[in-house]
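Chains, contacts and geometry: an overview
Here are the chains, one letter per residue:
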Amino acid sequence: MSVNRVIESPNAPAPVGSYSQAKQIGRFLQVSGQIPIDPQTGGILQGSVTEQVSQVLAQIDSILIHAGARWSDVLISRVYLSTDHDFDEFDAAYGRHVPKPYPARVTVGAELVPGALVEIEVLAVLPDTA
């Protein structure tokens, strides 16, 4: 029987719309796009791209761990930047946090929630436990 479950980590922001933090079907785990939510205020973290990337990746860490996954299980990350001008700063922060070998990645410029400089989603393939 195939696993089909919703993942809701108490250590990541609760969804604010009609979506789940993550959903697992079989061995696939899709983590919804995460924006930098300040855990103290519940609003967008006011800070640099580096600070926002660190917050978003911490949220993704929490969701992955809650689902029984880790970064080595991540197949691809999709990154949305509010401006392409932030790419180098984003890439440096991402590279310091995400362990090698890096997952595949797509990075595009996009209009984001006001104040958010980055949004990241990931797709993981969980280890076969059978």
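Overview of the structure. (Residues numbered from 1 in each chain as written. Predicted model: local features only at pLDDT ≥ 70, side-chain atom pairs only at ≥ 80, totals over all residues. Heavy atoms only, no water.)

Here we look at the sheet that holds strand E4 (residues 74-81)
Spatially, the six strands line up as an open sheet ordered E1-E2-E3-E6-E4-E5, and their pairing is mixed. A strand with exactly one partner marks an edge of an open sheet, and here the two such strands are strand E1 (4-7) and strand E5 (104-109). Neighbour to neighbour, the strand axes of the sheet diverge by 10 degrees on average, direction disregarded. One ladder, built from seven bridges, connects E4 with strand E6 (residues 118-125); its direction is antiparallel. Residue Arg78 lies in a different strand from E6, and its bridge partner there is Glu121. (Pairing = 2+ DSSP bridges. Helix = DSSP H or I, 4+ residues; strand = E, 2+ residues; numbered from the N terminus. Axes fitted to C-alpha atoms, helices over the stretch in contact; angles between N-to-C directions.)

Looking at the environment of Ile65
With respect to the element layout, Ile65 can be found in helix H1 (residues 49-67). Under the relative-accessibility criterion, Ile65 is labelled exposed at 63%. Once the C-alpha coordinates of Ile65 and Gln24 are considered, the two residues, 41 residues apart in sequence, prove to be 13 Å apart. (Buried < 20%, exposed > 50% of the residue type's maximum accessible area, 1.4 Å probe, protein only.)

As for the pairing of E4
One ladder, built from six bridges, connects E4 with E5; its direction is parallel. Its bridge partner lying in E5, Ile76 is registered against Ala104. Assessed by its sense of winding, the connection that carries the chain from E4 through helix H2 (residues 87-97) to E5 is right-handed. (Right-handed = clockwise from strand over helix to strand, strands pointing away.)

Concerning the packing of aromatic side chains
Scanning the entire structure with this criterion turns up two aromatic pairs. For the pair Phe87 and Phe90, a centre-to-centre distance of 6.2 Å together with 55 degrees between the ring planes defines the contact as tilted. Of this pair, Phe87 and Phe90 both sit in helix H2, three residues apart, roughly one helical turn. Taking relative accessible area as the criterion, Phe87 reaches 30% and is therefore assigned partly exposed. Summarising the aromatic geometry, the rings of Phe90 and Tyr94 are spaced 5.4 Å apart at their centres and angled 45 degrees between planes, so their arrangement reads as tilted. Of this pair, Phe90 and Tyr94 both sit in helix H2, separated by four residues, roughly a single helical turn. Among the aromatic side chains, those forming a connected cluster through ring pairs are Phe87, Phe90 and Tyr94. Positioned above the aromatic ring of Tyr94 is the side chain of Arg105, whose terminal nitrogen or guanidinium carbon lies 4.7 Å from the ring centre. (Phe/Tyr/Trp six-rings, centres within 6.5 Å; stacked < 30°, edge-to-face > 60°. Lys NZ or Arg CZ within 6 Å of the ring centre and 35° of its normal.)

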